[in-house]
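Inside the fold
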Amino acid sequence: MKTKKLSIFSRFVLTGVFVFIVVGLILTSLVKPALLRLTFEQRESDITVFANRLAIDFLLPEDFRSPVSLESRERFERFTRNLPVPGIFRVKIWNTDGNVIYSDRGELIGNKDVLETPFRRALNFESTVQLEKYNKQNPRYGNELPFEESVLTHAPITFGSSPEVMGVLETLSRVEFLENQVNEIRILFTIRIVASLILIFAVLSFIVWGASRTVDNQRREIAKNLEQVNAILGSMADGVVAVEASGKIILMNKAAETMLGWSIKEAVGKKWHEILHREDEKGNPLSPEEGAIAVALKKAAITSSGLNPAYYYVRKNKTKFPVARTISPIVLNRKTIGAIAVFRDITEEKEVDLEKSEFVSLASHQLRTPLSAVNWYSELLLNEDVGKLNPTQKKYLDEIYFGNKRMINLVNDLLNVSRIELGTLTIEPEPTDVTAVADSVIKELEFRIKQKNIEVRTSYDRNIPKIITDPKLLRMVFQNLLSNATMYTDEGKITIEIEKDKSNLLVKVSDTGYGIPRHEQEKIFTKLFRAGNVKEKETTGSGLGLYISKYIIEQFRGKIWFESEENKGSTFYFTIPIKGLEEKK
């Protein structure tokens, strides 16, 4: 049976009651000695005052001379009857010579006792109160009857403001009367303290009650929101896995549980890479240190992946499935406290994409034959090998020829994309002169460059070595970058620079053309994308060239990136490792 947790207010009340009990016990153990001391001090003061006052009312100075007359004894009796000492059972009065001049036990009158410190202090106007037990070894008690622990009091007897002490009053009283007095004071003191604490506790209880209601309401609201979040997460078709800063999984939804084969109970608390095993398209395991979650935790960077290239998650049963995913950091107060991975199974999309790529490949191959025929016959006619052409005929054939060329380029791009997606794009490395490839592409585009009145500058470092790479694919990269620079620049300048450092060749292709709008720059290497600012100015272009170039450079183990400002131009960079690829034998 599940027990209900106590509310904050209930816990506060129980704690308060416990504290009161403890405080009561502490007061009981600590207050009594203190009150006893206070009571002694008060009695010392009171006995002196009362002895002085009663002496004025009932005694005469000559009563303190020895021997004591019958009248003096009667006056002493009235004096002692009016002493305000509860539980008194023995009274003695000495004169300053130490002779007992009065006692409730008549046989003690006239004795001369051994005078102790309290007597001498009384002669100096000091009263004393102390607890005393009967001690038969003490000669002072030689004539006394045995008694239990009692309160022994000594006080000076004076008359009014007289500076002279006439005698010393000694009383013995039962200790229980003093204890009763102390207990009464202690009870009163405890009642006042407890009452004050109760009042404070009542005020605090009211405050805590209000605060606990607020906290309970907030807790219910949080619980409700958490239920809604859990319901949302549970209803999502996408898998969700959240990790804390240390990399431990703190949350996983039902979709992720279903896709990965790990139960939520098994996954929570484990390191993310123990659950999210990843492989690339070739089946190679990927290092956790290079994973998107590690990047999100270290650099607070968002990472996404889709169909191409696809990553695979390995299930608990060692089967795998392709995923599209987005990994985002969880940031609180400018500090990364975790990361969240959202992913989905794209097996069906991959199958459809594969079928599409195969269809595009097949269609492109089928289109190349008639396009090649059109190209061959167009060249034959333009060369006037079958007869002279008039200007109008030549103009129309030029349109056919160049339109067909664009179709051939588009078909070639589609074929290359389908090869990339099917994984059939072959790389044939051989020693390659990179500068020669760049110059040949510039020569190829010379007519178009002159037509648009563009200035081309080249700057190559000396002694650039030949690199083991695929010259045909490298040429394709230069064609894409230089044809884009030419296409999107009017009467400007294009600069090609090739630099060498210890490990890489760096190629820069700069132009002063249209540039790329900042809000579209993140899409520039995606398939079929063309920036919005050039679509109306230049209608040709497939949007595939940069996608293909990025894939090729990455296969060369290099990097490609760009800088651009709209209406000022763009600079594309790519690197190729000098050590190159492994040459085919």
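Model, not experiment: these values are computed from the prediction. Position numbers for residues start from 1 in each chain and track the written sequence from start to end. Totals for whole chains, interfaces and linings use every residue, but because this is a predicted model, local features are given only for residues with pLDDT of at least 70 and side-chain atom pairs only at 80 or more, for both listing and counting. Calculated side-chain values reflect all of the structure's heavy atoms, with hydrogen atoms and water omitted.

Let's shift gears to empty space enclosed by the protein. Put simply, the grid is 1 Å and covers the protein atoms alone, a cavity is a trapped set of points that fit a 1.4 Å probe, a pocket is an open set with protein on both sides within 12 Å along at least five of seven lines, and lining residues have an atom within 4 Å of a point. Grid points are joined across faces, edges and corners, and a volume is the space filled by probe spheres set on the points. The full count for this structure, using the stated rule, is two cavities of 30 Å³ or more. Taken as a whole, the second largest cavity spans an internal volume of roughly 40 Å³. Surrounding the second largest cavity, Ile442, Leu445, Ile449, Val456, Leu482, Thr486, Ile494 and Ile496 form its lining. At the level of elements, helix 13 (471–487) and strand 16 (493–500) are the ones that each hand at least two residues to the lining of the second largest cavity. For helices the rule is a DSSP run of H or I covering at least 4 residues; for strands it is a run of E covering at least 2, with both sets numbered from the N terminus onward.

Note on aromatic contacts: the rings of Phe and Tyr and the six-membered ring of Trp form a pair at centre separations within 6.5 Å, being stacked when their planes are under 30 degrees apart, edge-to-face when over 60 apart, and tilted otherwise. Using the criterion set out here, one finds 12 aromatic pairs in the structure. With centroids separated by 6.2 Å and ring planes inclined at 80°, the aromatic side chains of Tyr313 and Phe321 adopt a geometry described as edge-to-face. Overall, the relative accessible area of 1% leaves Tyr313 in the buried class. Seen from their ring centres, Phe525 and Phe562 are 5.9 Å apart, and the 65° between their planes marks the pair as edge-to-face. A residue pair is termed long-range when its members are at least 10 positions apart, and Phe525 in the loop between strand 17 (504–511) and helix 14 (545–555) and Phe562 in strand 18 (residues 560–565) qualify at 37 residues. Only protein chains enter the calculation, and the probe is 1.4 Å; a residue is then buried if its accessible area is under 20% of its type maximum, exposed if over 50%, and partly exposed in between. The class of Phe525 is buried, set by a relative accessible area of 15%. Judged by relative accessible area, Phe562 falls into the buried class, the value being 17%. The structure contains a cluster of three or more aromatic residues connected by ring pairs, namely Phe64, Phe76, Tyr102 and Phe159. Placement of a positive charge over a ring is assigned whenever Lys NZ or Arg CZ falls within 6 Å of the ring centre and within 35 degrees of the normal to the ring plane. Of note, Lys316 hangs over the ring of Trp262, and the distance from its end group to the ring centre comes to 5.0 Å.

Right, let's get into the sheet that holds strand 5 (residues 167–174). In space, the five strands of this open sheet follow the order 2-1-5-4-3, with antiparallel pairing throughout. Two strands lie at the open edges of the sheet, namely strand 2 (100–103) and strand 3 (128–132), each paired on one side alone. With direction set aside, neighbouring strand axes in the sheet form an average angle of 20°. At least two bridges found by DSSP between two strands is the condition for calling them paired. As judged from the eight bridges shared by strand 4 (residues 150–157) and strand 5, these two strands associate in the antiparallel manner. Paired with Ala155 across the two strands is Leu169, which belongs to strand 5. Packed on one face of the sheet, helix 2 (residues 70–81) meets strand 1 (88–95), strand 2, strand 4 and strand 5 and runs near 55° to strand 2. Angular values range over 0 to 180 degrees, each being the angle between N-to-C directions of two axes fitted as lines to C-alpha atoms, with helices fitted over their stretch in contact. Residues count as neighbours in contact if any of their non-hydrogen atoms are within 4.5 Å of one another.

On any regular strand, side chains alternate: one points to one face of the sheet, the next to the other face. Counting buried positions over the eight residues of strand 17 gives seven, a clear majority of the element. Two elements, strand 16 and strand 17, share seven bridges in a ladder whose sense is antiparallel. Within the sheet, the bridge partner assigned to Lys500 lies in strand 17 and is Leu505. Following strand 16, the chain reverses through three residues before pairing antiparallel with strand 17. Relative to strand 19 (residues 569–577), strand 17 runs antiparallel, the two being bridged by seven bridges. Looking at the pairing, Leu505 lines up with Ile576 of strand 19.

Further remarks concern helix 11 (residues 434–444). Within helix 11, the full set of buried residues consists of Val434, Thr435, Val437, Ala438, Val441 and Ile442. Down the axis of helix 11, the buried set is contained in an arc of 160°. They therefore lie on one face. When we speak of the arc, we mean the arc of directions from the helix axis to the C-beta atoms.

Our focus in this paragraph is the nonpolar core. In these notes, a set of buried Ala, Val, Leu, Ile, Met, Phe, Trp, Tyr and Cys residues joined through side-chain atoms within 4.5 Å is what counts as a nonpolar core. Formed by 47 residues in total, the largest nonpolar core has its most connected members in Leu474, Phe478, Leu482 and Phe574. When contributions to this core are tallied by element, the ones reaching two or more residues are helix 11, helix 13, strand 16, strand 17, helix 14, strand 18 and strand 19. Considering every element that reaches this core, the biggest residue donor is helix 13, with nine residues. Those residues within four positions of Phe574 in sequence are excluded, and the remaining contacts are Leu474, Val477, Phe478, Leu481, Leu505, Leu506, Val507, Ile553, Lys559 and Ile560. Formed by 24 residues, the second largest nonpolar core is a distinct cluster that contains Ala255, Met259, Ile293 and Ala339.

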